[in-house]
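Architecture and fold: a report
Given next are the chains, with one letter for each unit.
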Amino acid sequence: MKRKVERIGKTIVSGLVISGLVLGNGAFVQAERVKKMESVYVNADASGNAKKITVSDWLKNAGIGATVKDQSSLKDIVNVKGDESFEQNGEGVDWKAGQEDIYYEGTTDKELPVGVSVSYELDGVEMSAEEILGKSGKVKIKVSYTNHSKVNKKIDGEKQQLYTPFLMATGVILPTETFSDVEVDHGKVVNEGSNNIVIGFGLPGMADSLGVDGDVAEKLPEAFEITANVTDFSLGNTITYASASILSDLEIEDDDTLEELEDSLEELVDSSEELVKGSHTLSDSLGELKEKFAQYENGEKELNDGITTLEKSGNKLMKGVKEYTSGVDTLAKGTKDYVGGAKQITSGSRNLYNAVKGMPNSYKEFSDGIRQYTNGVDVLAKKETADQLKGGASSVSAGISKLNSGLSELESSYDNDTKLIAALKAQVAQIEDEVQKQTVLAYVDKLEELSKGQKESVGALVKATGAQSELKTGADQVAAGVGKVFAGASELSSKSEALRSADGKMTASIQSLVSNIQKLKEGGDKLSANDKKLLAGANKILKSSKVVNRGGRQLVQGAGKLKKGSDALDKATGEVAEGIGKLDDGADELYDGMKRFDSEGIQEINTRYEEDFADLKDRLSALLDVSKEYNNFSGIHENMDGEVKFIIETEEISKEEE
């Protein structure tokens, strides 16, 4: 914001010099309205004290009627370019203009709104104009400006005292024969061979009116100093020009560019806040998904442990079957061996049932986790959430483009400076006095240099916010990244139903498996309780032992396949969990980054705008009104437009000719 205020200060200075050098702006006056162009000539002593004030008035476009009503406090009014007569009644002056413009002048002792004082110092010692004449050494000439014109204006609801915005510029000619190593702090030194032409400027009261200080205030000086080495000091007349029409000549009445900047800033702040909200929603949703998927992981682990137990129990079952069939084979050797084998079968079936009876409940937790996970993914992939984030990111990009457009318009407005400078050069070419012509041309060169530098500064801002700038491409990348995140979520959501379907089938299979094993256990219990009956049927069981063996092998093989599938599911679950973790971490980083970008970037810009630039804008607007209102010195009729400038000429410091 500080740089922005400095650029505005430079713009004001450029506009001041331009408006000050344009002697008349009649091309922009409506033909049907009279404009009073007033020039106040002040003859002052070598220190700047006024001795005589002469006012020259030009009633431009006065030939629109037979009589032109004017108002003036001047004395000794004289028509200087025609024979038109007038009648004066107090301050009312009626001119018989006919078809001609009126040129007249008079005198006044009215207090001037601005003043200039010149002080002299030689080798560090302050001296008067009379004392320094003819001396040699290191000289310092200080030209100070004063502004006595103040008005009260309301700014942001409070009454503020503002100075009328005068530009004051002084020209000094220092011959190279007696002056060397000439420097000036607020101005320009132009060497044209036999003379050093020094042009300095000041804006008395401008820094106070704008409420600025420090480096910015230094660019709005109220004095300037000339230093040089001098031999046999003498000094010709100095000419000081002062004008209050600086801001109106800058043509910022509509303030379109500043208003567009303010609108773009508000839109950028709103978009940033929406983007922060969207990234927060994404972070919360992924955090919830991560939590639910952790529950799913626990359920899946328990299922895997259950299947591992099932596999091991299947091996035990196969061993028991083998032992059982072996017992049947040795049934003929004795009932004791048979009963022992039956007990082993019963024990194996009980162990198997104990291993799998909790499986349905364990798998239910796993199944609930799957459904919570898929529901979370479906919520994440909703179009409303995607549209909200995409819209916020697009608004940021659009706000940057709009800001770039406003800056481009401001850049193109500098073409008007080129036209003004060209018009000024054309007027200067008509000046017959060569010294005067070179003096004014030096002003023009300074104008051209200032205008070019200002335009380059604005051009740099246009480039910094352009379509290929880092700021614009960064905003576009954020918008594209949001789309990729939701594309991934949509792809996961498309597979949610298939995962839920597979889960339903697994639930039914496990319930059937446990039911069968329960029946096997119950059969084992009955088998143990009916050993005598089984002993009697040993021969029948022996015949079917091959079938039992084959079924046991199939059960073991099925349990092995189930274990492999469970291991694969466990691995896939880990990979999904890792992916969700990374996605959640990324969403958290996105949210933290957006919060930091909003609080440290967008909101800081907005705060600085509201604290610094908004107040400066209000003060500039008030000063624009003051600039328009100060349109005369000696008086003006209410039906006229007006413009006034002051020319203060100091006496030369020289030895009297003998």
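Residues numbered from 1 in each chain as written. Predicted model: local features only at pLDDT ≥ 70, side-chain atom pairs only at ≥ 80, totals over all residues. Heavy atoms only, no water.

1. Examining the overall build of the chain
Inclusion rule: Numbering of helices and strands runs from the N terminus, with a helix taken as a DSSP run of H or I at least four residues long and a strand as a DSSP run of E at least two residues long. Each residue is placed in one exposure class: buried if its accessible area under a 1.4 Å probe, protein chains only, is under 20% of its type's maximum, exposed if it is over 50%, and partly exposed if it falls in between. By definition, residues are in contact when any of their heavy atoms lie within 4.5 Å. Areas reported as accessible are Shrake-Rupley estimates using a 1.4 Å probe. Residue values count occlusion only from the protein chains shown.
Looking only at helices and strands, one finds 15 helices and 19 strands in the chain. For the chain, the proportion of its 658 residues judged to be buried stands at 43%. For the chain, long-range pairs separated by at least 24 residues make up 79% of all intrachain contacts whose partners lie at least 6 apart in sequence. Counting every atom, the chain has about 34300 Å² of accessible surface; 48% of that belongs to carbon and sulfur.

2. Points about a negative patch on the surface
The condition is simple: By definition, no residue in a patch forms a salt bridge, and every one has over 30% relative accessible area; like charges are joined within 9 Å, nonpolar side chains (Val, Leu, Ile, Met, Phe, Trp, Tyr) within 5 Å. We count a salt bridge whenever a side-chain nitrogen from Lys or Arg sits within 4 Å of a carboxyl oxygen from Asp or Glu. All tallies of charge rest on Lys and Arg as positive and Asp and Glu as negative; His and the ends of each chain are not included. Taken as the charge location is NZ of Lys, CZ of Arg, CG of Asp or CD of Glu.
Among the surface-exposed residues, Glu-192, Glu-432, Asp-433 and Glu-434 lie close enough to one another that they form a single negatively charged patch. Tracing the backbone through its elements, the reader meets Glu-192 in the loop between strand S15 (187-191) and strand S16 (195-202). A relative accessible area of 33% places Glu-192 in the partly exposed class.

3. A short note on the sheet that holds strand S9 (residues 125-127)
What counts, and what does not: Two strands qualify as a pair provided that DSSP identifies no fewer than 2 bridges between them. A fitted line through C-alpha atoms represents every axis, and for helices the fit uses only the stretch in contact; the resulting angles, taken between N-to-C directions, go from 0 to 180 degrees.
Taken together, 5 strands build an open sheet; the order of strands is S9-S8-S10-S17-S14 and the sheet is antiparallel. Sheet topology places S9 and strand S14 (179-184) at the edges, where each strand pairs with a single neighbour. The average angle at which neighbouring strand axes cross in this sheet is 25 degrees, direction not considered. Across 9 bridges, the pairing between strand S8 (residues 114-122) and strand S10 (residues 137-147) is antiparallel. Bridge pairing in S10 links Ser-119 to Lys-142.

4. Remarks on the pairing of strand S7 (residues 102-107)
Taking every second residue as pointing to the same face, the buried face of S7 carries Ile-102, Tyr-104 and Gly-106, while none of Tyr-103, Glu-105 and Thr-107 on the other face is buried. Relative to S7, strand S2 (residues 50-60) is paired through 6 bridges, and the arrangement is antiparallel. Within S7, the residue paired with Ser-56 across the bridge is Glu-105.

5. Considerations on the pattern of salt bridges
Opposite charge on two side chains lets them pair, provided their charged atoms get close. Across all of its chains, the model carries 9 salt bridges by this definition. One salt bridge connects Lys-35 with Glu-643, and the closest N-O pair in it is separated by 3.2 Å. Residue Lys-35 is found in strand S1 (residues 35-44), and its partner Glu-643 is found in strand S19 (residues 641-650); the two are separated by 608 residues along the sequence. With a closest N to O distance of 2.8 Å, Lys-153 and Glu-629 form a salt bridge. Taken as a pair, Lys-153 in strand S11 (residues 150-155) and Glu-629 in helix H15 (residues 538-629) lie far apart in primary sequence, 476 residues in all. With a relative accessible area of 47%, Glu-629 lands in the partly exposed category.

6. Structural notes on the sheet that holds strand S5 (residues 86-89)
Within the open sheet, the 3 strands sit side by side as S3-S6-S5. Their pairing is antiparallel. Where the open sheet ends on each side, the last strands, each with one partner, are strand S3 (67-71) and S5. For this sheet, the mean angle separating the axes of adjacent strands, direction not counted, is 20 degrees. Pairing geometry for S3 and strand S6 (residues 92-96), over 5 bridges, is antiparallel. Bridging across to S6, Lys-69 finds its partner in Asp-94.

7. Notes on the pairing of S5
Two elements, S5 and S6, share 4 bridges in a ladder whose sense is antiparallel. Bridge pairing in S6 links Gln-88 to Val-93. Hairpin remark: S5 followed by S6, antiparallel, with 2 residues in the connecting loop; positive phi at Gly-90, about 65 degrees.

8. What to know about the nonpolar core
Basically, it comes down to this: Within this scheme, the nonpolar core is defined by two criteria: the residues are buried Ala, Val, Leu, Ile, Met, Phe, Trp, Tyr or Cys, and they are joined through side-chain atoms within 4.5 Å.
Counting 54 residues, the largest nonpolar core has Tyr-120, Phe-233 and Phe-646 as the members making the most contacts within it. When residues of this core are assigned to their parent elements, the largest contribution, 5 residues, is made by S8. The residues touching Tyr-120, leaving out its near neighbours within four places in the chain, are Ala-46, Val-125, Glu-126, Met-127, Ser-128, Ala-129, Ile-132, Lys-140, Ile-141, Phe-233, Leu-235 and Ile-653. Core analysis: the next-biggest nonpolar cluster, separate from the first, contains 17 residues, Ala-207, Leu-210, Ala-217 and Leu-620 among them.

9. A word on unusual backbone geometry
Of note, Asp-181 is a non-glycine position whose phi angle comes to about 50 degrees, a positive value. Judged by its relative accessible area of 53%, Asp-181 is exposed. One non-glycine residue with positive phi stands out, namely Asp-232, at about 55 degrees. If you trace the backbone, Asp-232 turns up in the loop between strand S17 (223-230) and strand S18 (239-243).

10. A closer look at the packing of aromatic side chains
Heads up, the rule is: What counts as a ring pair is set by centres within 6.5 Å for rings of Phe, Tyr and Trp (its six-membered ring), and what kind of pair is set by the plane angle: stacked under 30 degrees, edge-to-face over 60, tilted for all other angles.
Applying the stated criterion to the full structure yields 9 aromatic pairs. When the ring of Trp-58 is compared with that of Tyr-103, the centres are 5.4 Å apart and the planes differ by 15 degrees; the resulting orientation is stacked. With Trp-58 in strand S2 and Tyr-103 in strand S7, this pair connects stretches of sequence that are 45 residues apart. The exposure class assigned to Trp-58 is partly exposed, which follows from its relative accessible area of 25%.

11. Thoughts on the environment of Glu-111
Within the element layout of this structure, Glu-111 appears in the loop between S7 and S8. Distance in space between the C-alpha atoms of Glu-111 and Phe-633 is 9.7 Å, their sequence separation being 522 residues.

12. A word on the side chain of Asp-70
For clarity, the threshold we go by: Counted as a polar contact is a pair of N or O atoms within 3.5 Å, where, for protein atoms, one must be capable of donating a hydrogen and the other of accepting one, and residues adjacent in sequence contribute only when both atoms are in side chains.
Looking at where Asp-70 falls in the secondary structure, it is placed in strand S3. Separated by 3.2 Å, the side chains of Asp-70 and Lys-36 make a polar contact.

13. A short note on the confidence of the model for the chain
Note: predicted coordinates in regions of low pLDDT should not be interpreted at a detailed level. Quick note on the threshold: pLDDT gives the predictor's per-residue confidence on a scale running from 0 to 100.
In this model, the chain carries a mean pLDDT of 74, and residues with pLDDT of at least 70 account for 58%. The model gives residues 1-31 a pLDDT under 50, and that stretch makes 69 contacts with residues more than four places away or in other chains.

14. A look at the side chain of Glu-38
By secondary structure assignment, the location of Glu-38 is in strand S1. Buried and unpaired, Glu-38 has Lys-36 as its nearest opposite-charge partner, separated by 4.4 Å. At a separation of 2.6 Å, a polar atom in the side chain of Glu-38 contacts the main-chain amide nitrogen of Phe-633. Not counting residues up to four positions away in its chain, the partners in contact with Glu-38 are Val-55, Ser-56, Asp-57, Asn-632, Phe-633, Ser-634, Glu-643, Val-644 and Lys-645.

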